Amino acid sequence: MFDSLYFQIISCIYIVLLAIVYFSKARINSVENKIYAYLIIVNIIGMAFDLASTYLAIVDISNPYLNIISKFYLVYIIAFMMLFSSYALMLSHKTDDEAENFKYFRRLSRKFFMFFVGISLISLALPLYNHNINGTVYTDGPSATFAYVISGICIFSWIVLIFKNRKKLLNKKAIPLLTIILLGIICIIIQSNMPGILLFTSLFIFATIVMYFTIENPDVKMIEQLEIAKNEADRANNAKTDFLSNMSHEIRTPLNAIIGFSQGLLEEDLSEESKNEVQDIIGASNSLLEIVNGILDISKIEANKLEIVNKEYNFEKIFKELVNLSHGRLGEKPLDFRYQYDHSIPPVLYGDYVRVKQIVLNLLTNAIKYTREGYVSFNVSSVIKDDICRLIISVEDSGIGIKEENIEKLFSKFERFDLEKNITIEGTGLGLAITKKLVELMNGKIVVQSKYGEGSKFTIAIDQRIIPKTLEELGLSENNKEFTDIFVAPNAKILVVDDNAINIKVAQRLLKSFEIIPETVMSGQECINKILDGKKYDLILLDDMMPKMTGTETLKNLKMIMGFETPVVALTANAISGMKEKYLEAGFNDYLSKPIDKNELETILRKFIEAEDIMEQELKDACNNIPQSDNIVSEVNVEELKDHDISILVNAGVDIDHSLELLGDMETINETFAAFLEESETRLPNIKNYKDVVDMPNYAILVHAMKSDSKYLGMMTLADLAYNHEMASKSNDVEYVNDHYDELMCEVNRMLEVIKQYLGR
Ligand code: ADP
């Protein structure tokens, strides 16, 4: 009897220590932990009954409480067995979704609890006998037999469960169950030989201690710290993405001016040399645009913000465009460009053709870039199964090839190889990283085969859905036609709406190539007023990001005007994927991203404006009849402005060279200064007003416009101050705006005085 008391006291110390360690530590909220907490509590209660019954049996076997306490000890055994059974069942049903596990456990525990109450009541009701034979206490009778049978059934069910779910269960989590099964058998053998030693409680506690090491209980504090670190990293990453997308907007706006003016210049009567230089400017600007887009894409992909926008499209058209673009990129290179198209590809597919084109163009551009002589071959084949067309696109070259050790790193961003050899080849090391991510986003595959010094082959496989339509049904047959005819529309009535004077000038310049002189306004309200005044247009080009009323809001108001049916095309510097769809959804008829591409503008004009395919003579006549521009600065006498004293600007710190770089000539600069002066008359009171009523979004729009204009005009200090205000107001930092408002106003007023003096006003 005393022997078992020693076991009990030691077990008691263990379970109390375990309880202290377990409950004092932070735990994750999981079903396993819940069951384990119950197990510890049940063990402590059981231990108390065990100690009490042993003590009473030693002191006074006839004590009337002994029987009751012994019966409750049997209830403890049943409770322990059932908890372990629920643990075994839970393990065999466990999923990765903890909420799902909890749901299952709640359902299970409700049933088990009812079962436990029933069985415990039966066990309590059945008789139990305590005997003291030669100093050894025995407990027997139907109540004990019943409890042992229930325990036996539980153990048997665990064996069946473990066997049935051996793949899932035979891991370290099954150790406590196996421990009880094994030690239980040993216990029974010891107990049948030495009936005085009661080992069950110690066995249960031992199994509970073993289980402590098998339940998943990571360091919660560490998890919390990791969570904080992760949130911080996410925040920083989001800030980076926002910064990059803002920067891309910022870079695209001046690029708009550079490309636009350059394209405009090409229309002028320039010397061959100048034309070549202008072409170089356009080429370099387009490269810069590609880099900006690449950085924007990779940051979007990393922030999981890049969406795949599926649409019906014609792959053959994309193929032809890619072939044309590749021919363009080949330039003077003596390469044999071979291509092959599989005509069994259905005419109408469903997928993100913009991204498919981007992926293949990246591969083709690389093949051309990294091949000096030999060939580049572009092949498309397909495998059709049900309504899926698997496009297998390969781009092979006889170029410099890639070393084996570099193939693994090929798709990591900013990785470039063989720089000694490729020093003259432009690149950022972003193309393939974007390509791979895009292919993966479309659930496709990309494979590279390459031999250093001999060439490379990139193959991609992308599944696209087949749409059982013809090109005519899709309205695509029209688009297949190449623009071989000259498009001019001198009688077209177009309204350009943009709050930025320079953007308006660019649009005017581009439209001039099509002999179109647009009307221009600088706000949504003015646009609405024009329509309300009964003006009719063939097309409205409407900027979205405008103060007071955005382009989208303006469109909403326009649509409410009775009889308004003019097509409206959105203009925005936000070239993020999914934008086009957003604008179409908002009711725009199409979308043009800034910097406006002349070809894209032509596509839009051809789509919405009655083409006037004029014969040469008629064309000349039409040109002679072009009305004079009524652009935004027409009131200012340009001639008067030509010869102003630039030193006034230079002495005031205006970077006139920078302005000349962006705006081209003094005439344009002078016009823009005049526009800035006029604009400020309304802009400054509005900025103050938005600051006073704490309307940060509109404040941001106005200081953004002020910053853009200041940059164009070389007023760099003002541009920097306005930029700080733009960033602060975008992040709703009212305190910064208020604290630095006077500084901004002081600088803008100083500049206005300088401009007035310069313009002689
Ligand atoms: P980029 O061309 O802008 O440097 P990419 O991500 O497209 O960036 O390519 C990463 C690198 O992989 C390149 O710098 C080049 O070293 C190598 N590479 C890519 N395509 C080829 C190719 N077809 N042949 C040889 N090397 C290639």
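As the structure is a prediction and not an experimental result, all values here were calculated from the model.

### Focus on the overall build of the chain
- Along the chain, the regular secondary structure elements total 29 helices and 14 strands.
- Here the chain holds 761 residues, and the buried ones make up 48% of them.
- For the chain, long-range pairs separated by at least 24 residues make up 73% of all intrachain contacts whose partners lie at least 6 apart in sequence.

### Looking at the packing of aromatic side chains
- Inspection of the entire model under this criterion finds 22 aromatic pairs.
- Ring centres of Tyr22 and Tyr212 lie 6.3 Å apart, and the angle between their planes is 80°; this geometry places the pair in the edge-to-face category. Taken together, the residues span a long stretch of sequence, with Tyr22 in helix H1 (residues 2-24) and Tyr212 in helix H8 (residues 200-212) at a distance of 190 residues. The residues Tyr22 and Tyr212 share a single accessibility class, namely buried.
- Ring geometry for Tyr583 versus Phe588: centroids 5.4 Å apart, planes at 85°, classification edge-to-face. Here the two residues Tyr583 and Phe588 agree in accessibility, since each one is buried.
- Among the aromatic side chains, those forming a connected cluster through ring pairs are Tyr73, Tyr76, Phe80, Phe84, Tyr87, Trp158 and Phe204.
- Over the aromatic face of Tyr350 sits the side chain of Arg465, whose NZ or CZ is 4.8 Å from the ring centroid.
- The side chain of Lys691 reaches across the aromatic face of Tyr741, ending 4.4 Å from its centre.

### Some details on unusual backbone geometry
- Phi at Asp386 is positive, roughly 50°, even though this residue is not glycine.
- Take Asp386: it is sitting in the loop between strand E6 (374-385) and strand E7 (388-397).

### Here's the deal with the site of the ligand
- Around the ligand there are 21 residues in total, and Asn366, Tyr370, Arg416, Thr428 and Leu432 lie nearest to it.
- Tyr370 places a side-chain nitrogen or oxygen 2.8 Å from an oxygen atom of the ligand.
- A distance of 3.1 Å is found between an oxygen atom of the ligand and a backbone nitrogen or oxygen belonging to Gly429.
- In isolation the ligand has 530 Å² of accessible area, and contact with the protein removes 97% of it.
- If you list the elements that add at least two residues to the shell around the ligand, you get helix H12 (353-369), helix H15 (431-441) and strand E9 (455-466).
- The residue makeup of the shell around the ligand, split by class, is nine nonpolar, eight polar and four charged.

### A closer look at H15
- Within H15, burial applies to Leu432, Ala433, Ile434, Thr435, Leu438 and Val439.
- Just beyond H15, the residue with positive phi is Asn443, at close to 60°.

### What to know about a positive patch on the surface
- Side chains of Lys34, Lys103, Arg106, Arg107, Arg110 and Lys111 sit close together on the surface and give a patch of like positive charge.
- Top element by residues in the positive patch is helix H4 (residues 98-125). It accounts for five residues.
- Locating Lys111 in the fold gives a position in helix H4.

### Some points on the pairing of E7
- Where E6 and E7 come together, 10 bridges link them in antiparallel fashion. What sits directly across from Ser377, in E7, is Glu396.

### Digging into the pattern of salt bridges
- Tallied over the full model, the rule gives 23 salt bridges.
- With a shortest N-O distance of 3.1 Å, Lys230 and Asp234 are connected by a salt bridge. Within this pair, Lys230 and its partner Asp234 are both found in helix H9 (residues 220-267), separated by four residues, close to a single helical turn.
- Given the relative accessible area of 47%, Lys230 is considered partly exposed.
- Look at Asp234 and you get partly exposed, because its relative accessible area is 34%.
- Ionic pairing is found between Asp692 and Lys691, a salt bridge with its closest N-O pair at 3.3 Å.
- You can call Lys691 buried: its relative accessible area is 15%.
- If you follow the salt bridges from partner to partner, you end up with Lys317, Glu321 and Lys357 in one network.

What counts as what
Here the residue numbering is sequential within each chain, running from 1 through the sequence in written order. Only residues with pLDDT of at least 70 get local features here, since the model is predicted, and only at 80 or more are side-chain atom pairs given and counted; chain-wide, interface and lining totals rely on the full set of residues. Side-chain metrics in this entry use all non-hydrogen atoms of the structure; hydrogen atoms and water are not considered. Strands are runs of DSSP state E lasting at least two residues, helices are runs of H or I lasting at least four, and both sets are numbered from the N terminus onward. For every residue, the accessible area obtained with a 1.4 Å probe (protein chains only) is divided by the maximum for its type, and the residue is called buried under 20%, exposed over 50%, and partly exposed between those limits. When checking whether two residues touch, look at their non-hydrogen atoms; a contact exists if any pair is within 4.5 Å. Only Phe, Tyr and Trp rings are paired, with Trp represented by its six-membered ring, and only when their centres lie within 6.5 Å; those with planes under 30 degrees apart are stacked, over 60 edge-to-face, the remainder tilted. Whether a charge sits over a ring comes down to the Lys NZ or Arg CZ being within 6 Å of the ring centre and within 35 degrees of the ring normal. Put simply, a residue is near a molecule or strand once any heavy atom of it comes within 4 Å of that molecule or strand. Polar contacts here mean pairs of N or O atoms no more than 3.5 Å apart (in protein, one a potential hydrogen donor and the other a potential acceptor; neighbouring residues in sequence count only if both atoms are side-chain atoms). Accessible surface is estimated by sampling points in the Shrake-Rupley manner with a 1.4 Å probe; for residues, cover comes only from the protein chains shown. The residue classification treats Ala, Val, Leu, Ile, Met, Phe, Trp, Tyr, Cys and Pro as nonpolar and Asp, Glu, Lys and Arg as charged. All others, Gly included, are polar. Two joining distances apply to patches: 9 Å for like charges and 5 Å for nonpolar side chains (Val, Leu, Ile, Met, Phe, Trp, Tyr), and every residue must have over 30% relative accessible area and no salt bridge. Any Lys or Arg side-chain nitrogen located within 4 Å of an Asp or Glu carboxyl oxygen qualifies as a salt bridge. Positive residues here are Lys and Arg, negative ones are Asp and Glu, while His and the chain termini are left out of the count. Charged side chains are reduced to one point each, which is NZ for Lys, CZ for Arg, CG for Asp and CD for Glu. A pair of strands is labelled paired if DSSP reports no fewer than 2 bridges between them.

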